[in-house]
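# Breakdown of the fold
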Amino acid sequence: QVQVVESGGGLVQAGGSLRLSCAASGRTFSVYTMGWFRQAPGKEREFVAAITRSAGYTRYADSVKGRFTISRDNAKNTVYLQMNSLKPEDTAVYYCAAGPSTNIDNPYEYDYWGQGTQVTVSS
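Here we summarise the structure given alongside this text. Because the structure is a prediction, the values reported are computed rather than measured.

Reading guide: rules and limits
- Residues numbered from 1 in each chain as written.
- Predicted model: local features only at pLDDT ≥ 70, side-chain atom pairs only at ≥ 80, totals over all residues.
- Heavy atoms only, no water.
- Helix = DSSP H or I, 4+ residues; strand = E, 2+ residues; numbered from the N terminus.
- Rg over C-alpha atoms; globule rule 2.2 N^0.38 Å.
- Buried < 20%, exposed > 50% of the residue type's maximum accessible area, 1.4 Å probe, protein only.
- Contact = heavy atoms within 4.5 Å.
- Areas by Shrake-Rupley, 256 points an atom, 1.4 Å probe, with all protein chains shown as cover.
- Salt bridge = Lys/Arg side-chain N within 4 Å of Asp/Glu carboxyl O.
- Phe/Tyr/Trp six-rings, centres within 6.5 Å; stacked < 30°, edge-to-face > 60°.
- Lys NZ or Arg CZ within 6 Å of the ring centre and 35° of its normal.

### Side note on the overall build of the chain
- If you tally the helices and strands in the chain, you get zero helices and 11 strands.
- Overall, the chain shows an N-to-C arrangement of helices and strands of β-β-β-β-β-β-β-β-β-β-β.
- For the chain, whose C-alpha radius of gyration is 13 Å, the value lies close to the compact-globule estimate of 14 Å for 123 residues.
- The C-alpha extent of the chain, read off along each of the three principal axes, is 40 × 25 × 25 Å.
- Within the chain, the proportion of its 123 residues that are buried is 46%.
- Sequence separation of 24 or more characterises 57% of the internal contacts of the chain that already satisfy a separation of 6 or more.
- Working note: accessible area of the chain is about 6,300 Å², and carbon and sulfur atoms make up 45% of it.

Given below as structure tokens:
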């Protein structure tokens, strides 16, 4: 079993940057694909980015390509989301999740979720 805790959210102006961190417990962290998802008020949870267990493959939502970068450090049981050139439409609660090796953009495939961290981008 894996427990995940997100941190790093906050308030930033449009064009600014934030780095989210997700610390995971459990000795099996390295076997999981790790994903970031977000949910804005009144909207469904949506895929942001994912990284496979060896960090050999990453995937991004079209809306964040070129602006966000996902990475992981298996020695530290941590996954990161570097967010640059933030836009007001990036405002949401961001969730980290541990999950599968297939369908990595599908939130229903993920087994373990954090409590989320709020990101607010002002215009």
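Next comes the rest of the account.
### Some thoughts on the pattern of salt bridges
- Across all of its chains, the model carries five salt bridges by this definition.
- D62 is paired through a salt bridge with K65; the nearest N and O atoms lie 3.2 Å apart.
- Since its relative accessible area comes to 64%, D62 is described here as exposed.
- Overlapping salt bridges, with partners in common, bring together R38, E46, R67 and D90 in one network.

### Considering the packing of aromatic side chains
- The full count for this structure, using the stated rule, is six aromatic pairs.
- Between the aromatic rings of F37 and Y110, the centroid separation amounts to 5.0 Å while the plane-to-plane angle is 80 degrees, which identifies the pairing as edge-to-face. One end of the pair, F37, is in strand 4 (residues 33-39); the other, Y110, is in the loop between strand 9 (92-99) and strand 10 (112-113), and 73 residues separate them in sequence.
- According to the relative accessible area criterion, F37 is buried, its value standing at 0%.
- Residue classification places Y110 among the buried residues on the basis of a relative accessible area of 5%.
- Taken together, F37, F47, Y95, Y110 and W113 form an aromatic cluster joined through their ring pairs.
- If you follow R45 out to its NZ or CZ, it ends over the ring of Y95, 3.8 Å from the centre.
- Of note, R45 hangs over the ring of W113, and the distance from its end group to the ring centre comes to 4.7 Å.

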